[in-house]
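# Structure assessment
So you can see what is in the structure, the chains are spelled out below.
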Amino acid sequence: MQVHEKRLDILVDVASIKKNKKTIGFVPTMGALHRGHLALVEKALKENDYVIVSIFVNPTQFNNDADLVNYPRTLDSDIELLSGLSKNIIVFAPTPKEIYGDKMLSTKYNFNGLEHEMEGKFRAGHFDGVGTVLKHFFTIVNPDKAYFGEKDFQQLQIVKKLVEIEKMTVQIIGCPIYREENGLALSSRNKRLNTKQLEASPFIYSVLQQVKKDFGTKSAFTLNNWVLGQFKNHDELKLEYFEIAKVSDLKSIKRKQKGTKYRAFIAVFAGEIRLIDNIALN
C-alpha cells in the first residue's frame, strides 16, 4: 500500500494505472475511519483493480468552525486499518493547500434544488464545499467508480448531480448504511460521544424504524408530530429536523402518492455532536 500527500505523486500513480488499462475505484473520506468506511473500500476492491482512498478534512464544507477544529483526525491509525485490506490500495492524504492552493474558496453550484433541502437549510454553503472538493478529487484521481455511503443520502444524490453538471464519466455507487448492533449509524463523529450519549443515540434509529413501520397506515403529518413528541423532553438528544421526503427531489411531503419512493431523514444533536440518519420507507 502506498501513501501520498502530494498531488503530483498521486497523478503519477493514476497515469501509470490508466496506461496499463486497469480500473480505479475511489473512496473519498475525511478520515477517522470506521467499519462503514472499510465496507466501502472492500466493495471497491471487489469491483476495481486499484482503490484510491482520500483522507482529507475538507475545510470548505464546514459552516461551524468548532466542528472543523474538533473533527477527529487519526491518519496513522487510518493507514494501519487500510494496510491490512490489500496491497492495491493507495492512500491520498493531501493538505488543504495541495487541493485548493492559496484560495480556500468553494464554487457556487446549482444542484437543481437538492442543495436547499434538509441539510442545506441548516448548513449554509455545505454542499458547495462538497461539490468543489469532489470535483478536485475526481479530476485528480480520474476514477472509474466512486463509492459513497447512504447515511449521507442527500450528499449521494448531490454527487450524482455534480457528475451530471460537470459531465464527468465516473460512476457513482451508493452503499447501504453500516450500523452498530444497536442500530446506531456508524460515523466518525461517534468517537466524540460520551458514555451517556452513546447509550442514548440508538434511539434515533429506533424512531426511524417505527416511522417505517407506520408509514403505510399513518399520514406524514401524523408521523412528523409523533417524532417531535419523541424528542421533546429527551435528556440527551435534541432534534434539529425530521422530514419525510421524496427520493427523486428530496422535497418534504404533505401527503403520499402512489408509485413514489420516500425516505425519512433526521438530524439530532447529542450535546454539541450532530448525528444524521435516514431510512427507506417503501
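Each value, and the rule that gives it
- Residues numbered from 1 in each chain as written.
- Predicted model: local features only at pLDDT ≥ 70, side-chain atom pairs only at ≥ 80, totals over all residues.
- Heavy atoms only, no water.
- Phe/Tyr/Trp six-rings, centres within 6.5 Å; stacked < 30°, edge-to-face > 60°.
- Helix = DSSP H or I, 4+ residues; strand = E, 2+ residues; numbered from the N terminus.
- Buried < 20%, exposed > 50% of the residue type's maximum accessible area, 1.4 Å probe, protein only.
- Pairing = 2+ DSSP bridges.
- Axes fitted to C-alpha atoms, helices over the stretch in contact; angles between N-to-C directions.
- Contact = heavy atoms within 4.5 Å.
- Arc of directions from axis to C-beta.
- Right-handed = clockwise from strand over helix to strand, strands pointing away.

Quick look at the packing of aromatic side chains now. Counted under the stated rule, the structure contains 11 aromatic pairs. Their ring planes at 35° and their centres at 6.5 Å tell us that Phe56 and Tyr100 sit as a pair that is tilted. Here the residue Phe56 occupies a position in the loop between strand S3 (50-55) and helix H3 (65-70), and Tyr100 occupies one in helix H5 (residues 96-100), the gap between them amounting to 44 residues. Residue Tyr100 is classed as buried on the basis of its relative accessible area, which comes to 8%. The interplanar angle of 90° and the centroid separation of 5.9 Å between the aromatic rings of Phe92 and Phe137 together place this pair among those described as edge-to-face. One end of the pair, Phe92, is in strand S4 (residues 89-92); the other, Phe137, is in helix H7 (residues 126-141), with 45 residues separating them in the sequence.

Backbone-to-backbone hydrogen bonds pair the strands of a sheet. The strands run either parallel or antiparallel. A sheet is described by the order of its strands in space; here 6 strands give the open sequence S1-S4-S3-S2-S5-S6, paired in parallel fashion. Each of the sheet's edge strands pairs with one partner strand only, and the pair in question is strand S1 (2-4) and strand S6 (171-175). The sheet shows a mean angle of 25° between the axes of neighbouring strands, direction not considered. Two elements, S3 and S4, share 4 bridges in a ladder whose sense is parallel. In the sheet register, Ser54 faces S4, and the bridge partner there is Phe92. Contacts between helix H2 (residues 35-47) and the sheet are confined to strand S2 (24-29), S3, S4, strand S5 (145-149) and S6, with S5 contributing the most and set at about 155° to the helix.

We now examine the sheet that holds strand S8 (residues 262-270). The 3 strands are arranged S7-S8-S9 in an open sheet whose pairing can be described as antiparallel. For this open sheet the edge positions go to strand S7 (237-246) and strand S9 (273-280), each flanked by a neighbour on one side alone. The average angle at which neighbouring strand axes cross in this sheet is 15°, direction not considered. As defined by bridge partners, S7 adjoins S8 across 9 bridges and the pair is classed as antiparallel. Bridge assignment links Ala245 to a residue of S8, and that residue is Arg263. Strand contacts of helix H10 (residues 202-214): S7, S8 and S9, with the helix running at about 25° to S9, the strand carrying the most contacts.

Regarding helix H4 (residues 75-83), the residues found buried are Asp78, Ile79 and Leu82. Projection of H4 onto a plane perpendicular to its axis shows the buried side chains occupying an angular sector of 95°, all on one side. Summarising the geometry of H4, the exposed residues directed more than 90 degrees from the buried face are Asp76 and Glu80. On its buried side, H4 packs onto S1, H2, S3 and S4.

On to the pairing of S5, then. Side chains on a regular strand alternate between the two faces of the sheet. Summarising the sheet, S2 and S5 pair through 2 bridges and their orientation is parallel. Across the sheet, residue Phe26 finds its bridge partner in S5, namely Ala146. Taken together, S5, helix H8 (residues 153-166) and S6 form a β-α-β motif whose crossover is right-handed.

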